[in-house]
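Survey of secondary and tertiary structure
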Amino acid sequence: MIGLKGTLNVIDNSGALLVECVNVLKQKVNNGWGGVGDEIVCVVKRARPVSPAAQASSTAVKVRKGDVRRAVIVRTKKAVRRPDGRMIRFDDNAAVLLNNKRDMLGTRIGGVVSADLRMKGWGKIVSIAPKVI
């Protein structure tokens, strides 16, 4: 469960490393807490450094520290109960950054994501991820 001021690791190659949640974008259920598959608004707290030579290239870092972006939660430390009774829990909270059109900002995902994303309509993230649990 991710709420206000919650920090998440970024597992795509957009250039951000750590983000902080400032708003959960969903219906007014669950009192402002977000889970796997929920969209959030976040602030980039730590990003990869940008060299002057890399800025000119087409593969430049897409985000900087202080940027306000949207993201989707892909892993949570809070255990989630599956319909078959299993409890799924991850070691950290993680997110993937999005643009305003709800497309992924990065082109790769570097880590495990939850299978619950497919049920919530984030099939593209699941298909790009190296491992789905």
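About the cut-offs
Residue numbering note: each chain is counted from 1, following its sequence as written. With the structure being a predicted model, the display of local features is reserved for residues of pLDDT at least 70 and the display and counting of side-chain atom pairs for 80 or more, all residues being used for whole-chain, interface and lining totals. The side-chain values count all of the structure's non-hydrogen atoms but skip hydrogen atoms and water molecules. UniProt positions are given in the numbering used here, feature names are shortened, and annotations may be inferred rather than shown by experiment. Note on terminology: a nonpolar core comprises buried Ala, Val, Leu, Ile, Met, Phe, Trp, Tyr and Cys residues joined through side-chain atoms within 4.5 Å. When a residue's accessible area, from a 1.4 Å probe over protein chains only, is under 20% of the maximum for its type it is buried; when over 50% it is exposed; and in between it is partly exposed. Helix and strand definitions here come from DSSP, where helices need a minimum of 4 consecutive H or I residues and strands a minimum of 2 consecutive E residues; each element is numbered from the N-terminal end. Salt-bridge detection follows one rule: a side-chain nitrogen of Lys or Arg within 4 Å of a carboxyl oxygen of Asp or Glu. Polar contact is defined as a pair of N or O atoms within 3.5 Å, subject to the rule that within protein one atom must be able to donate a hydrogen and the other to accept it, and that residues adjacent in sequence are counted only when both atoms are side-chain atoms. Contacts between residues were defined by any pair of non-hydrogen atoms, one from each residue, lying within 4.5 Å. Paired strands, as defined in this entry, are two strands with at least two bridges between them according to DSSP. For helices, the axis comes from a line fit to the C-alpha atoms of the stretch in contact; other axes are also lines fit to C-alpha atoms, and the angle between any two N-to-C directions lies between 0 and 180 degrees.

Per an unreviewed UniProt entry, the protein chain carries the name Large ribosomal subunit protein uL14m and comes from Thelephora terrestris. Heading Sequence similarities (unreviewed entry) of the UniProt record for the protein chain holds this comment: "Belongs to the universal ribosomal protein uL14 family."

This paragraph deals with the nonpolar core. Ranked by size, the top nonpolar core spans 16 residues in total, and within it Leu8, Val19, Ile40 and Leu97 carry the most contacts. Mapped onto this core, the elements with two or more residues apiece are strand E1 (7–10), strand E2 (16–25), strand E3 (39–47), strand E4 (68–75) and strand E7 (94–98). Take this core: its biggest share by element is 4 residues, from E2. Counting 15 residues, the second-largest nonpolar core is a separate cluster that includes Ile11, Val72, Val96 and Met104.

Let us look at the pattern of salt bridges. The tally for this structure, following the rule as stated, stands at 6 salt bridges. Salt-bridge contacts for glutamate 39 lead to arginine 102; the nearest nitrogen and oxygen are separated by 3.4 Å. Note that glutamate 39 is positioned in strand E3 and arginine 102 in the loop between E7 and strand E8 (112–113), a separation of 63 residues in sequence. For glutamate 39, a relative accessible area of 8% corresponds to the buried category. Two residues, arginine 75 and aspartate 92, come together in a salt bridge whose shortest N-O distance is 3.0 Å. Here arginine 75, found in strand E4, pairs with aspartate 92, found in the loop between strand E6 (87–88) and E7; they are 17 residues apart in sequence, far enough to count as distant. Look at the salt bridges and you will find they share partners, linking Glu39, Arg70 and Arg102 into a network.

Our focus in this paragraph is the side chain of arginine 75. We classify arginine 75 as buried; its relative accessible area is 10%. A polar atom in the side chain of arginine 75 sits 3.0 Å from the side chain of aspartate 92. Polar contacts involving the side chain of arginine 75 include one to the main-chain carbonyl oxygen of valine 112, which spans 2.8 Å. Every residue in contact with arginine 75, bar those within four places of it in the chain, is listed here: Ile11, Val36, Phe90, Asp92, Asn93, Ala94, Gly111, Val112 and Val113.

At lysine 5, a residue that is not glycine, the phi angle is positive and equals roughly 70°. Residue placement: lysine 5 occurs in the segment before E1. Lysine 5 gets classed as exposed once you look at its relative accessible area, which sits at 56%. For arginine 102, which is not glycine, the phi dihedral falls at a positive 65°.

On to the sheet that holds E3, then. As summarised here, the arrangement of the 5 strands in space is E1-E2-E3-E4-E7, forming a closed barrel in which the pairing is mixed. Neighbouring strand axes in the sheet, compared pairwise and without regard to direction, differ in orientation by 55° on average.

Note that E1 and E2 share 3 bridges and pair antiparallel. Looking across to E2, one finds that threonine 7 is bridged to glutamate 20. Here E1 folds back onto E2, and the loop between the two strands holds 5 residues, one of which, glycine 15, carries a positive phi near 115°. Pairing analysis gives 8 bridges linking E2 to E3, with the strands arranged antiparallel. By the bridge assignment for E3, glutamate 20 is matched with valine 43.

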